[in-house]
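Chains, contacts and geometry: an overview
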Amino acid sequence: MDSIVRTSKFLSLVLRHKPETVGIVLDDAGWVKISELIEASRSSGQTLDHDLLLRVVHENDKQRFAISADGESIRANQGHSVKVDLGLTPQVPPEKLYHGTVAKFLTNIQEQGLLRAERQYVHLSADTQTAQRVGMRRGKPVILVIDTQKMSSDGMSFFLSNNGVWLTPHVPAMYIVFP
Ligand code: HQG
């Protein structure tokens, strides 16, 4: 694994899920000072420096991370299981969004809808190609079509992360079109 991918995985772990593994604390909006992160990472055996970090942020295939306006802090754009307030404002979604999953989950999804599980939100994709890629992480992808227009008119909220992932707390089964 090259250093960019390895560092990206490390950042996903500490900025989304387990900051305590390197002894850092994220602020309420998920930010941590870059200098603090580098220092903390060093003491846990990661070779992280400012240049590598910026390359990971800028070259990341999904723009998973963001640097603050003052250039001093970093956070994950989405995917958190730790409780953070990303400060996203509700947005009107497109008429339909997509969710890539795999066949073994379908019975549960038919009963419970899409659950956010460990994460803060259910993740939805704006196009089927992206949903295919998300589903493929777990096997042969199955694409669910979500009637987001109906969800929205029924009062459910949607947020768009800074890297283009649609987020919502729960998708009840009645809004899901199964293949
Ligand atoms: C499934 C990656 C049983 C759901 C991706 C999914 C995405 C249920 C899995 C982002 C269920 C959760 C998120 C239910 C949902 N019963 N299974 N009721 N409801 N599921 O990883 O959407 O590379 O938490 O279909 O590209 O797969 O990390 O969510 O298969 O954007 O940046 O439970 O993660 O981005 O898995 O992926 P996840 P996800 P990054």
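Residues numbered from 1 in each chain as written. Predicted model: local features only at pLDDT ≥ 70, side-chain atom pairs only at ≥ 80, totals over all residues. Heavy atoms only, no water.

Looking at the confidence of the model for the protein
Across the protein, pLDDT averages 95, with 100% of residues at or above 70. Across the assembled chains, the prediction reports ipTM 0.96 with pTM 0.92. (pLDDT = per-residue confidence, 0-100.)

Considering the packing of helix H1 (residues 3–17) against helix H3 (residues 50–59)
In a pair of packed helices, the angle between the axes and the distance between the axes together describe the arrangement. It is the contact of H1 with H3, at a shortest axis distance of 10 Å, that shows an interaxial angle of 85°. When the axis of H1 is compared with that of H3, the two are roughly perpendicular. The segment H1 lies against H3, with Ser3, Ile4, Thr7, Ser8 and Leu11 engaging Leu52, Leu53, Arg55, Val56 and Glu59. For the contact of H1 with H3, the residue count by class is 5 nonpolar, 3 polar and 2 charged. (Axes fitted to C-alpha atoms, helices over the stretch in contact; angles between N-to-C directions. Helix = DSSP H or I, 4+ residues; strand = E, 2+ residues; numbered from the N terminus. Parallel < 35°, antiparallel > 145°, perpendicular 65-115°, else oblique. Contact = heavy atoms within 4.5 Å. Nonpolar A, V, L, I, M, F, W, Y, C, P; charged D, E, K, R; others polar.)

Some points on H1
The terminal C-alpha atoms of H1 lie 20 Å apart, and with 15 residues this matches the ideal 21 Å at 1.5 Å per residue to within 8%. Within the span of H1, buried status applies to Ile4, Thr7, Ser8, Phe10, Leu11, Ser12, Val14, Leu15 and Arg16. Buried residues along H1 sit in contact with strand S1 (32–33), helix H2 (34–43), H3, strand S2 (65–67) and strand S3 (73–76). If you check the start of H1, you find a side-chain oxygen 3.1 Å away from the backbone N of isoleucine 4, and it comes from aspartate 2. (Expected span 1.5 Å × (residues − 1). Buried < 20%, exposed > 50% of the residue type's maximum accessible area, 1.4 Å probe, protein only. Polar contact = N/O pair within 3.5 Å; in protein donor to acceptor, adjacent residues only side chain to side chain.)

Digging into the site of the ligand
Neighbouring the ligand are 17 residues; Arg16, Lys62, His99, Arg119 and Arg138 lie closest to it. Contact distances for the ligand include 2.7 Å between an oxygen atom and a side-chain N or O atom of threonine 101. Contact distances for the ligand include 2.7 Å between an oxygen atom and a side-chain N or O atom of arginine 119. Within the complex, the protein chains bury 85% of what would otherwise be the 790 Å² of accessible surface of the ligand. One can see that the ligand is located within the largest pocket. Mapped by element, the contributors of at least two residues to the shell around the ligand are strand S4 (96–102) and helix H4 (106–112). With 3 residues, H4 is the largest single contributor of residues to the shell around the ligand. Of the residues assigned to the shell around the ligand, the class counts are 5 nonpolar, 6 polar and 6 charged. Residue-level mapping places the shell around the ligand at the junction of two domains, with at least three residues from each of domain 1 (3–76) and domain 2 (96–177). (Near = heavy atom within 4 Å. Areas by Shrake-Rupley, 256 points an atom, 1.4 Å probe, with all protein chains shown as cover. 1 Å grid on protein atoms, 1.4 Å probe; cavity = no way out; pocket = protein on both sides within 12 Å on 5 of 7 lines; lining within 4 Å. Sits in = over half its atoms within 2 Å of the grid points. Domains from an automatic or database assignment.)

What about the pairing of S4?
Summarising burial for S4: 6 of the 7 residues are buried, a large majority. Both S4 and strand S6 (residues 141–147) contribute to a ladder of 7 bridges, which runs antiparallel. Opposite lysine 96, over in S6, you have aspartate 147 as the bridge partner. (Pairing = 2+ DSSP bridges.)

Describing the sheet that holds S4
Pairing is antiparallel across the open sheet formed by 3 strands, whose spatial order is S4-S6-S9. What marks the edges here is a single partner per strand, and that holds for S4 and strand S9 (176–177). Summarising the sheet, S6 and S9 pair through 2 bridges and their orientation is antiparallel. Bridge assignment links valine 145 to a residue of S9, and that residue is valine 177.

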